[in-house]
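Here's the letter readout for the chains.
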Amino acid sequence: MQIDILHILLGALLGSSIFYWYETRTKQKISSLSIEAIIHELKTPLTGLSWIFSSLSELKEGELLNRETLVLLKEGMVKIGNALELTNDALSALNTSPDYATYKFRNYDLVSIISKVIDENSLSAKEKSIDLYYKQGKSPVSLYCDEIKLTLAIRNIVSNAIKYTPSNGKIIIDTKQSDDEIVISVSDNGIGIPATEINKVFNKFYRAHNIGDISGSGLGLFIVKNIIAGHDGRIEIQSTEGRGTKITIFLPVKK
Ligand code: ATP
Ligand code: MG
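As the structure is a prediction and not an experimental result, all values here were calculated from the model.

Cut-off values and rules
Residues numbered from 1 in each chain as written. Chains lettered and ligands numbered in written order. Predicted model: local features only at pLDDT ≥ 70, side-chain atom pairs only at ≥ 80, totals over all residues. Heavy atoms only, no water. Core = buried A, V, L, I, M, F, W, Y, C linked by side-chain atoms within 4.5 Å. Buried < 20%, exposed > 50% of the residue type's maximum accessible area, 1.4 Å probe, protein only. Helix = DSSP H or I, 4+ residues; strand = E, 2+ residues; numbered from the N terminus. Domains from an automatic or database assignment. Contact = heavy atoms within 4.5 Å. Axes fitted to C-alpha atoms, helices over the stretch in contact; angles between N-to-C directions. Left-handed = near helix turned anticlockwise from the far one by under 90°. Nonpolar A, V, L, I, M, F, W, Y, C, P; charged D, E, K, R; others polar.

## Topic: the nonpolar core
- By size, the foremost hydrophobic cluster in this structure holds 47 residues, and its most contacted members are Leu110, Leu150 and Ile154.
- Considering each element in turn, this core owes the most residues, eight residues, to helix H5 (residues 147–163).
- Mapping this core onto the domain boundaries places at least three of its residues in each of domain 1 (5–96) and domain 2 (106–252).
- If we skip the residues at most four places from it in the chain, Leu150 touches Leu110, Ile113, Leu143, Cys145, Ile227, Ile228, His231 and Leu251.
- Of all hydrophobic cores here, the second largest spans 12 residues; its members include Leu42, Leu49, Leu65 and Ile80.

## Some words on the packing of H5 against helix H6 (residues 220–230)
- Put simply, H5 and H6 touch, their axes get as near as 9 Å, and they point 145° apart. Where H5 crosses over H6, the two elements pack in a sense that is left-handed. Side by side, H5 and H6 meet where Lys149, Leu150, Leu152, Ala153, Asn156, Ile157 and Asn160 of the first sit next to Gly220, Leu221, Ile223, Val224, Ile227 and Ile228 of the second.
- When its residues are assigned to classes, the contact of H5 with H6 shows nine nonpolar, three polar and one charged.

Quick look at the structure:
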């Protein structure tokens, strides 16, 4: 593989400056349309840089690079991955305001939405030996919702549960239906949230102080909150630091 060292350095420099600029800008305000356009434009170079770094990081020691450069490049890969994750989250946040005009409501089966999210997350749960358990009701639960947005919301809650639960933990997903309400809950026995911070975790970019080095941008629950509001529902969170977290979504049954 022939790669010019100048290109590598330029790529690394460009990658880190874009990341710094992007992080600073997005943390100021992401709600205006121009920022949305910028974020969208950033996806292309970031994806390209991600490819360059990924190719470089596959080189073996001594094949052009020394050990130190390889370490740096691998760190660069992680940073770019984070920037891409943040870009995707920011775009989702902008596209999921509780503005009904952007919602495409139809009747969907909630059980299949949850099964899909479990399938998508089963590998990451398995990697941490986490038991991801769904107390599935016997029959399908028909729900009038925007399937894509609701899936995104449930996916965020389940991936949080996996992310913030140490190895060998347990996550229980439960659904209940009454005449006028459908209740979805996700409980974990993970790190929990400090009592003084529980009310803040739905705020844009907020991350609690007990997360250690677990990566994230603090946008997931902000997106979830908007999506649930877009369904005229509500969301509750119960958590005890060091014991676990339960997130419950209440959605009205619309006939
Ligand atoms: P991302 O935007 O990538 O999802 P994130 O996970 O940090 O990043 P949110 O999903 O919005 O952001 O969550 C906000 C914060 O709430 C987290 O940083 C964490 O402190 C806390 N949190 C959310 N879910 C859990 C959970 N199941 N257990 C413990 N803490 C949680
Ligand atoms: Mg999250």
